[in-house]
Amino acid sequence: ESGTGKEVIARAIHHASPRAREAFVAINCAAIPENLLESELFGHVRGAFTGATAEKAGLFEQASGGTLFLDEIGELPAGLQAKLLRVLQEGEIRRVGDQKVRRVDVRVLAATGRDLVAETRAGRFREDLFYRLNVVSIHLPPLATRPEDIAPLAQHFAAQLGQRMRRRLALSDAAVSWLETQPWPGNVRELAHAIERAAVLGGKDVLEPADFSHSPLTTHHSPEVGGEQTIATLRDAVEGAERQAITAALQAAGGNRRQAAKQLAISLRTLFYKMERLGIT
């Protein structure tokens with residue numbers, strides 16, 4: 001399961017709805033190459049393209065009756081925006097390479113870190129699709145502005161991680177208090193990754209503030225280790241440099257991830273892998 005605050009909210013909406021017994025399917029629209037995204041969403045028939053050796057149902061069909069969560073909807077290419085609009089209006093999909101129309105009944109939840117109003121005005125996002133999606137909006141403020149959410153989120157991630165690692169994993173009161181003092185520029189994803197890093201490298205069942213000394217931030221304050229502590233490992237130094245370069249490129253590109261990837265001379269997939277690993281949203 002994803003650690004992002006956006007998906008946590010999407011799952012909560014799904015589980016509180018009459019569709020709770022049906023499938024919840026999530027996809028990051030920016031993490032999949034454009035030439036494969038249509039097949040992921042709508043499916044394909046055998047021989048539709050090179051490598052399509054068997055028929056495949058897309059995510060809309062897999063989520064039929066339930067909920068499809070489209071993360072980073074602002075990165076959806078223009079051609080797929082038109083096809084998504086048709087699905088929302090008509091409730092029909094057509095697999096790549098197929099002439100058959102298939103009915104689907106899907107609740108669509110979408111999220112983005114971009115300003116879709118500005119994107120629409122700039123002509124980069126379809127106005128009709130924006131209004132079709134923008135029925136009910138939920139604004140998720142940065143984690144730093146809602147420190148009261150840090151403790152329950154941290155405890156949730158620790159319990160979730162403990163199940164995956166087949167061990168009892170918890171946070172001490174001191175660790176929770178320390179986590180509440182941090183800025184978390186990477187928001188919920190960074191918090192989740194920090195807990196996972198502490199659990200893996202520390203090897204303890206109860207995490208203390210000192211177990212977070214491997215944070216990718218250049219400095220942090222820990223009440224147990226006494227004030228400011230600087231990076232001590234080469235890996236942390238590299239991660240810190242990568243974080244700064246990626247953040248700067250995203251800011252220079254106005255949040256456009258494709259443009260930022262070009263500036264960094266890496267592929268879009270590599271950029272999203274690094275953003276995921278470093279907790280950058």
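Cut-offs used in this document
- Residues numbered from 1 in each chain as written.
- Predicted model: local features only at pLDDT ≥ 70, side-chain atom pairs only at ≥ 80, totals over all residues.
- Heavy atoms only, no water.
- Helix = DSSP H or I, 4+ residues; strand = E, 2+ residues; numbered from the N terminus.
- Contact = heavy atoms within 4.5 Å.
- Patch = residues over 30% accessible without salt bridge, like charges linked within 9 Å, V, L, I, M, F, W, Y side chains within 5 Å.
- Areas by Shrake-Rupley, 256 points an atom, 1.4 Å probe, with all protein chains shown as cover.
- Salt bridge = Lys/Arg side-chain N within 4 Å of Asp/Glu carboxyl O.
- Buried < 20%, exposed > 50% of the residue type's maximum accessible area, 1.4 Å probe, protein only.
- Pairing = 2+ DSSP bridges.
- Core = buried A, V, L, I, M, F, W, Y, C linked by side-chain atoms within 4.5 Å.
- pLDDT = per-residue confidence, 0-100.
- Arc of directions from axis to C-beta.
- 1 Å grid on protein atoms, 1.4 Å probe; cavity = no way out; pocket = protein on both sides within 12 Å on 5 of 7 lines; lining within 4 Å.
- Points joined across faces, edges and corners; volume = space filled by probe spheres on them.
- Nonpolar A, V, L, I, M, F, W, Y, C, P; charged D, E, K, R; others polar.
- Polar contact = N/O pair within 3.5 Å; in protein donor to acceptor, adjacent residues only side chain to side chain.

Novice: Which residues make up the environment of Ala26, and what values do they have?
Specialist: Inspection of the secondary structure assignment puts Ala26 in strand 1 (residues 24-28). Measuring from C-alpha to C-alpha, the distance between Ala26 and Ala110 comes to 9.7 Å, with 84 residues separating the pair along the chain. Discounting chain neighbours no more than four positions away, the residues touching Ala26 are Glu7 and Phe69.

Novice: Provide a residue-level description of a nonpolar patch on the surface, including the pertinent values.
Specialist: There is a patch of nonpolar side chains on the surface, built from Val135, Val136 and Ile138 and spanning about 340 Å² of accessible area. One can find Val135 in the loop between helix 6 (127-133) and helix 7 (150-165).

Novice: Outline the environment of Leu133, supporting the account with residue identities and numerical values.
Specialist: Structurally, Leu133 can be placed in helix 6. Spatially, the C-alpha atom of Leu133 lies 8.9 Å from that of Leu85, the residues being 48 residues apart in sequence. Leu133 has contacts with Ile73, Leu88, Val108, Ala110 and Phe125, leaving out every residue within four places of it along the chain.

Novice: Got a sec to walk through the pairing of strand 4 (residues 67-71)? Specific residues and values, please.
Specialist: Most of strand 4 is tucked away, with five of its five residues classed as buried. In strand 4, alternate side chains face the same way, and those of Thr67, Phe69 and Asp71 on one face and Leu68 and Leu70 on the other are all buried. Relative to strand 4, strand 1 runs parallel, the two being bridged by five bridges. Paired with Phe24 across the bridge in strand 4 is Thr67.

Novice: Give a detailed account of the nonpolar core, specifying residues and quantitative values.
Specialist: If you look at the biggest cluster of nonpolar residues, it comprises 27 residues, and the most contacted ones within it are Leu37, Leu41, Phe60, Leu68, Leu70, Leu76 and Leu84. When contributions to this core are tallied by element, the ones reaching two or more residues are strand 1, helix 2 (34-42), helix 3 (59-62), strand 4, helix 4 (78-90) and helix 6. Sort the elements by how many residues they give to this core and helix 4 lands first, with five residues. Dropping the residues within four chain positions of it, Leu76 is found in contact with Cys29, Leu37, Leu41, Gln81 and Leu84. Among the nonpolar cores identified, the runner-up in size contains 24 residues, and Ile150, Ala151, Val176 and Leu191 belong to it.

Novice: Can you tell me about the confidence of the model for the chain, naming the residues and giving the values?
Specialist: Per-residue confidence for the chain gives a mean pLDDT of 85; residues scoring 70 or more make up 89%. Taken together, the stretch residues 217-232 has pLDDT below 50 and engages in 37 contacts with residues farther than four places along the chain or on a different chain.

Novice: Help me get a handle on helix 12 (residues 268-278), residues and values and all.
Specialist: Among the residues of helix 12, Leu271, Phe272, Lys274, Met275 and Leu278 are the ones counted as buried. Axial view of helix 12: buried residues confined to an arc of 160 degrees, hence all on one face. Relative to its buried face, helix 12 has exposed residues pointing more than 90 degrees away, namely Arg269 and Tyr273. After helix 12 finishes, the residue Gly279 shows a positive phi value of roughly 75 degrees.

Novice: Quick rundown of the layout of surface pockets? Include the residues and the values.
Specialist: In this structure, the second largest pocket spans a volume of roughly 320 Å³. The element that contributes the greatest number of residues to the lining of the second largest pocket is helix 12, accounting for five residues. Of the residues belonging to the lining of the second largest pocket, the class tally is eight nonpolar, four polar and eight charged.

Novice: How would you sum up the side chain of Asn256? Please name residues and give values.
Specialist: Tracing the sequence through the fold places Asn256 in the loop between helix 10 (234-252) and helix 11 (257-264). Look at Asn256 and you get buried, because its relative accessible area is 18%. A distance of 3.0 Å separates a polar side-chain atom of Asn256 from the backbone nitrogen of Gln259.

Novice: Can you tell me about unusual backbone geometry, naming the residues and giving the values?
Specialist: The phi torsion at Glu72 lies on the positive side, around 55 degrees, for a residue other than glycine. Secondary-structure assignment places Glu72 in the loop between strand 4 and helix 4. Of note, Arg166 is a non-glycine position whose phi angle comes to about 55 degrees, a positive value. With respect to the helices and strands, Arg166 occurs in the loop between helix 7 and strand 8 (170-171).

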